[in-house]
Amino acid sequence: MMKESVNHPSHYNQGIEAIDIIESWELNFSLGNAIKYILRAPHKSNQIEDLKKASWYILREIDRLENLAKIEL
């Protein structure tokens, strides 16, 4: 069997693909990317880098929500 490196590389599919979770929960871009990096981190050579990327997206979403809260006041 040929290894699929575009649509379904091995680090994309460890049970459930990240995109299926993101779409089923209807997550926005930032939260979707955070989930993607968290799910894939254990299967890549540099886990810390992927977790830092996830953290960056989570902090971006927190900033967005805090700014929305300020506007609504």
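What you see is a predicted model; the values in this text were computed from it and never measured.

Quick notes on the rules
- Residues numbered from 1 in each chain as written.
- Predicted model: local features only at pLDDT ≥ 70, side-chain atom pairs only at ≥ 80, totals over all residues.
- Heavy atoms only, no water.
- Helix = DSSP H or I, 4+ residues; strand = E, 2+ residues; numbered from the N terminus.
- Contact = heavy atoms within 4.5 Å.
- Phe/Tyr/Trp six-rings, centres within 6.5 Å; stacked < 30°, edge-to-face > 60°.
- Lys NZ or Arg CZ within 6 Å of the ring centre and 35° of its normal.

Concerning the environment of Ala54
Phase 1: Note on placement: Ala54 falls in helix α3 (residues 47-72).
Phase 2: The spatial distance from the C-alpha of Ala54 to the C-alpha of Gly32 is 9.4 Å, given a sequence separation of 22 residues.
Phase 3: Setting aside its immediate chain neighbours within four residues, Ala54 contacts Ala34, Tyr37 and Ile38.

With respect to the packing of aromatic side chains
Phase 1: A complete count under the given rule lists 3 aromatic pairs for this structure.
Phase 2: Measuring from ring centre to ring centre gives 6.1 Å for Tyr37 and Tyr57, while their planes differ by 15°; the resulting arrangement is stacked. Placement of the pair is Tyr37 in helix α2 (residues 29-40) and Tyr57 in helix α3, with a sequence separation of 20 residues.
Phase 3: Taken together, the aromatic side chains of Phe29, Tyr37, Trp56 and Tyr57 make up a single cluster linked through ring pairs.
Phase 4: The lysine or arginine in question, Lys36, covers the ring of Tyr37, its NZ or CZ lying 4.6 Å from the ring centre.

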